[in-house]
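The chain contents come next:
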Amino acid sequence: MVKVVTFINTIFFIVLCFSTVHAQTIEKRIASLEEEFKSFNYKRVIEKGEFLLTDPFVTKSDSLEIYQYMLSASYAIDDTSLARSIIKSIMLTDARYKPDPKKVSPKIIEFYHLVKNNIKPPLKEPEESYSKPDTVIKVIREASSLKSRYMISSILLPGSGHFLTGQKSKGYLFTIFSTTLMGAGLYTSYLTDQRSQDYLKAEKNRDFKHLYERYNSAYKWRNAIIAIYCLWNLYVQYDLLENKKLNIEAVVTKKELGLNIRFPF
């Protein structure tokens, strides 16, 4: 029991450390945009910015900072069409965003507000005159016989919940497969990060197309493994609850509010 909990904590710690390191890496990449901008490599700023925005771990604030450098670069090369497109992307990310006057020139800020004021807000859909159909919400709830700590353990490491409930054969099998997927996910994430750095730090005489294809391949593998792991996690939770669940069906209508509870036999 103690060994299983220790193993789960170790896996969770590794994932947490990797997320922290990846966040620091993104900060360094964004800082490289400032270096490129100060070196007057405006087209490179735009290329790098578009590349960084494809990273799924980029946060909202990171995206806005990247867009800010791209906006300044596009304005510097007098590409107003691209600048307008970037401003629209900023508006979609955060409609209340304001450029930092410490990093953005007054002319760009003025241009930003000019474009922003000309963007028409989306039209509101007319209210439906006909009555809406009844809404039926179905929710699966865990029965009280299954302890919450088993579920938490199973979510952190799919398969460990089966082991703790006494299903040792299935628990070992599920845990090994889950650990393999987690290891593959960490490796492909590391590989994606390395190939991303190779692309961003490449000199002018390098084959950018080949470097991007290498990165894109690792990127697709990483996303595929993450998707498989998520589906696998859902299946394991379903299997854990299969014989220990009850169905709660909530029926919400304009005239009534009903609640039906069914126990499986």
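Residues numbered from 1 in each chain as written. Predicted model: local features only at pLDDT ≥ 70, side-chain atom pairs only at ≥ 80, totals over all residues. Heavy atoms only, no water.

Visitor: Can you walk me through helix α9 (residues 208-241) in this structure?
Guide: Count 3.6 residues to each turn of an α-helix, and residues three or four apart come out pointing the same way. Here α9 is 34 residues long and its end C-alpha atoms lie 49 Å apart, about the 50 Å a rise of 1.5 Å per residue gives. Put simply, D207 is the residue that caps the front of α9, since its side-chain oxygen is 3.3 Å from the backbone nitrogen of K209. (Helix = DSSP H or I, 4+ residues; strand = E, 2+ residues; numbered from the N terminus. Expected span 1.5 Å × (residues − 1). Polar contact = N/O pair within 3.5 Å; in protein donor to acceptor, adjacent residues only side chain to side chain.)

Visitor: Please clarify how the environment of P158 should be interpreted in this entry.
Guide: Locating P158 in the fold gives a position in the loop between α6 (148-156) and α7 (160-164). On the accessibility criterion, P158 (0% relative accessible area) is buried. Residues P158 and N233 lie 75 residues apart in sequence; the distance between their C-alpha atoms is 5.8 Å. Sequence-distant contacts of P158, that is, excluding residues within four places in its chain, are made with F174, T175, S178, Y229, W232, N233, V236 and Q237. (Buried < 20%, exposed > 50% of the residue type's maximum accessible area, 1.4 Å probe, protein only. Contact = heavy atoms within 4.5 Å.)

Visitor: Quick question: what am I supposed to make of the confidence of the model for the protein chain here?
Guide: Detailed reading of the predicted coordinates is not advisable wherever pLDDT falls low. Per-residue confidence for the protein chain gives a mean pLDDT of 74, with 70% of residues at or over 70. Mean pLDDT values for the elements of the protein chain range from 45 in strand β1 (residues 135-142) up to 89 in helix α4 (residues 80-93). Low pLDDT, under 50, characterises residues 12-21; the stretch is placed with 6 contacts to residues that sit more than four places away or in other chains. Counted against residues more than four places away or in other chains, residues 129-145, with its pLDDT under 50, gives 30 contacts. (pLDDT = per-residue confidence, 0-100.)

Visitor: Can you help me understand the nonpolar core in this one?
Guide: Note on soluble globular proteins: their nonpolar side chains tend to be buried together. With 34 residues, the main nonpolar core has I66, L71, I87, I90 and Y112 as its most contacted residues. Within the residue set of this core, elements represented by two or more residues are α1 (2-38), α2 (42-52), α3 (60-76), α4, α5 (106-118), α8 (168-200) and α9. Counting residues per element, this core draws most heavily on α3, at 7 residues. With 7 residues, the next largest nonpolar core counts L157, Y229, W232 and V236 among its residues. (Core = buried A, V, L, I, M, F, W, Y, C linked by side-chain atoms within 4.5 Å.)

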